Amino acid sequence: MGLDLLDRTELDRLTTRRWFLRYCYAPEEIERAHRLTGRRRQEYLAGRFAAKEAVLKALGRGLFQGVAPRDILVGRAAGGAPHVELRGSAAEAAPGATVLISITHKGDAVAAVALTVPRDDIPRDDIPRDDISRTHDKEERRAS
């Protein structure tokens with residue numbers, strides 16, 4: 001598990017530098033950031049950075065310890081929740097793992113929590129509700 005917290009303005013100076021954007025953000029994230037303006041762009045970049053830091057911590061790495069933050073894509077799932085895709089050096093650091101992420105903003109504070117889990121342990125949203133109930137009932141009977 002990894003956690004990161006920062007002030008949304010902490011990256012203002014760095015995000016004006018192209019090398020920082022290219023090192024920390026995937027091309028898709030940079031493209032999305034360029035379509036945003038002002039405070040929303042600042043929140044977006046800070047949220048993605050906090051998420052990447054949390055993912056690195058969940059992988060047991062630091063910022064300059066073999067995993068490029070740009071190899072951690074923080075996108076959106078179909079329902080709008082943040083979703084992590086590990087690429088390149090990040091995928092190599094976590095073979096067979098999936099990363100779950102949560103990002104929150106309140107005022108100037110931005111926080112992210114990441115959790116790595118084995119790929120087979122991820123709950124599947126495509127299981128019909130009836131199957132979930134039957135599975136739960138069977139587990140309760142076995143436990144009693």
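Looking at an unreviewed UniProt entry, the protein carries the name DNA-binding protein, with the source organism given as Streptomyces nanshensis.

Enquirer: If you had to explain helix α3 (residues 38-58) to someone new, which residues and values would you point to?
Expert: Here α3 contains 21 residues, and its C-alpha end-to-end distance of 30 Å stays within 8% of the 30 Å for a straight helix at 1.5 Å per residue. Burial within α3 is extensive, with 16 of its 21 residues counted as buried. Just downstream of α3 lies Gly60, where phi reads positive at about 75 degrees.

Enquirer: Please provide a residue-by-residue account of the side chain of Glu53, values included.
Expert: The topology assignment puts Glu53 in helix α3. When residues no more than four places from it in sequence are discounted, the contact partners of Glu53 are Asp4 and Leu63.

Enquirer: Can you break down the sheet that holds strand β4 (residues 97-106) residue by residue, with the values?
Expert: Spatially, three strands are ordered β1-β5-β4 in an open sheet, and the strand pairing comes out antiparallel. Both edges of this open sheet fall to β1 (2-7) and β4, since each of them pairs with a single strand only. Across the sheet, the axes of successive neighbouring strands diverge by a mean angle of 15 degrees, strand direction being ignored. Bridging between β4 and strand β5 (residues 109-118) involves 10 bridges; their strand directions are antiparallel. Of the residues in β5, the one forming a bridge with Leu100 is Leu115. Strands in contact with α3 are β1, β4 and β5; relative to β1, the strand with the most contacts, it is inclined by about 150 degrees.

Conventions adopted
- Residues numbered from 1 in each chain as written.
- Predicted model: local features only at pLDDT ≥ 70, side-chain atom pairs only at ≥ 80, totals over all residues.
- Heavy atoms only, no water.
- Helix = DSSP H or I, 4+ residues; strand = E, 2+ residues; numbered from the N terminus.
- Expected span 1.5 Å × (residues − 1).
- Buried < 20%, exposed > 50% of the residue type's maximum accessible area, 1.4 Å probe, protein only.
- Contact = heavy atoms within 4.5 Å.
- Pairing = 2+ DSSP bridges.
- Axes fitted to C-alpha atoms, helices over the stretch in contact; angles between N-to-C directions.

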